[in-house]
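This is what each chain is made of:
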Amino acid sequence: MLDLLIAGASIVDGLGGPTVPGFVGVKSDRIAIVGGEGQSEPEAAQRITAMGHAISPGFIDVHNHSDLVPFVEPWMDSMLRQGVTTVVVGNCGTSAAPPAGAAEAAELMNVRPDQLDLSWQTFAQYLERLDACRPAINVAALVGHGALRRQAMGMERRAPTADELSEMRRLLAEGLDAGAVGMSTGLIYAPGIHASTDEIVEIAQELPRYGGVYASHIRGEGAPVFDAVAECIEIGRRTGAPSHISHLKVETSRAWGRAAELLALIDSERERGADVSADQYPYAAWESSLSSCLPAWASPEELPALRSDPATHERLRTAVQRGEEGWQCCADGLGWDRIVIVGHAGSDELTGRSIQQVAEDRGADPVDTVFDLLMADPNTSVIGHAMLEEDVRTILARDDVMVASDGLGISPDGPMAGFNVHPRYYGTFPRVLGRYVAEGVLPLETAVKKMTSLPADRFALGNRGRIHEGAVADLVVFDPASVTDRATFGAPHLYAEGILAVIVAGRVVWDGEPRERAGRVIRRSEWPYG
Ligand code: CU
Ligand code: ZN
């Protein structure tokens, strides 16, 4: 007898095949049978009748920052309630191991590092501790290059010595041995911003032996985006690792309207043999740390000293307003009215206000207001309304770009409650299935493929992401007619609608009520390499 039968559903297989009526039977943690309409239904201990609803593989979010979330909020609600069954953490160069990266990962979810027990030494220990949290959904992890660099050489603004370089390479191999699915970089953030292409190539040479992916928050997403994509592809080519561009976009007036051109560049590189993929979140705004508005030679901690010298202060102001040789400030070509505060320690009244508004309130200059905000709270986070909707749609229409959130699995009463977080934390996947499918930007089957088999295969997450006999039974039941996001920039802490049941490894995790946390760490090393 089966353990679970989902009957009367429209099956969206995750592979892009046409939606067909039928049933899905689960035995233990696997899909045991997929039946068509009219076929007799097997007996099962538990039955979900899904009349008029769709069943698809659970959504896989390859760009997530929930590295430490299971230690605080193991239900990971905002992700779970979108139908996400696996997240890949360790993105943008930030990961909770090696241990020098852990504090930054904690700050991303607005938890002080000293409030957590972050006492692991190795990537393997981190993954064991993560598993012991029993998260609601599965977690796979990348090793962050920023964490490797912090561990090997602190926040030094220089090239690594030969010893430091081999230490980073050794630490990456240790992480991959423990089951990490690849390495990420964050090349606009310290310390990744200090790394040359050659440094990354040298370290990333470990990846192919383990089948690991090279995933990158590239060096620029405005005017420099073409060079930055080329660098990511070059790193893949020189190392032999599959390369992956995180949150593909064209931002600021310097690059608006050029999404098709960027996609054409990727296509032509593929024709020349490049093994490159990408993900995207379906919104026309980013979220990041305000400190990423500073050039590589300045940190929030140094601002008092830098500002005390008039010439240096002026040079810094010019860099932040207009960028400088080899570096573009995220505000260049945008304007401070489009950069809005997400959270600022101790000043709730600033939440949701733009830098421009805060500057006007204070009778101050916007660039100096940025400096003042960073001096008061170096972790100030912001949303930048920096993309064109038209470019977002051009990228979204592609069947080979994954959907990913760049969010965290949070809840309205967790540590980020007072933050005006990006709505992508709550809405990414239902937004695509609801709004963009309904508006004809892409068909439902393609949208689901971009959320399931495409990421599962690229990040080697085992036999997941498809409705197929023998595949892991990570599943989601949703109502294609009502599924949608509710979270907005003004009111982000709203769960999505139309997600009816989420099943992880054959266990019902959520069906309108939380049932049982069934996630675990997915280690790359569980199956043969290659
Ligand atoms: Cu990210
Ligand atoms: Zn990023």
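The paragraphs below set out a description of the structure included in this document.

Turning to the sheet that holds strand E17 (residues 401-403), a few remarks are in order. Read across the open sheet, the six strands follow the order E9-E10-E11-E12-E13-E17; overall the sheet is parallel. Because the sheet does not close on itself, it has two edges, and the strands there are strand E9 (143-144) and E17. Taken together, the three bridges between strand E11 (residues 213-217) and strand E12 (residues 243-245) define a ladder with parallel strand orientation. Bridge assignment links tyrosine 214 to a residue of E12, and that residue is serine 243.

Moving on: the coordination of the zinc ion (ligand 2). Coordination sphere of the zinc ion (ligand 2), protein contribution only: Cys92 (SG), His217 (ND1) and His247 (NE2), at 2.1 to 2.2 Å. In this model, the zinc ion (ligand 2) sits 3.0 Å from the copper ion (ligand 1), the two metals being bridged by cysteine 92. Remark: histidine 247 occurs in the loop between E12 and helix H10 (259-271) and histidine 217 occurs in strand E11; sequence separation between them is 30 residues. Just as histidine 217 is buried, histidine 247 falls in that class too.

Note on metal sites: the ideal angle is 109.5 degrees for four tetrahedral donors, and 90 or 180 degrees for six octahedral donors. Taken together, His63 (NE2), His65 (NE2), Cys92 (SG) and Asp406 (OD) make up the full set of protein donors to the copper ion (ligand 1), lying 2.1 to 2.3 Å away. Geometry at the copper ion (ligand 1) is irregular, judged from its four donor atoms and the angles of 83 to 164° they form at the metal. Counting gaps between the donor residues of the copper ion (ligand 1) yields the pattern H-x1-H-x26-C-x313-D. Here histidine 65 falls in the buried class, since its relative accessible area comes to 7%.

The rules behind these values
Residues numbered from 1 in each chain as written. Chains lettered and ligands numbered in written order. Predicted model: local features only at pLDDT ≥ 70, side-chain atom pairs only at ≥ 80, totals over all residues. Heavy atoms only, no water. Pairing = 2+ DSSP bridges. Helix = DSSP H or I, 4+ residues; strand = E, 2+ residues; numbered from the N terminus. Donors = N, O, S within 2.8 Å, 3.2 Å for Na, K, Ca; no water. Buried < 20%, exposed > 50% of the residue type's maximum accessible area, 1.4 Å probe, protein only. Tetrahedral: all angles 85-135°; square planar, octahedral: opposite > 155°, others 65-115°.

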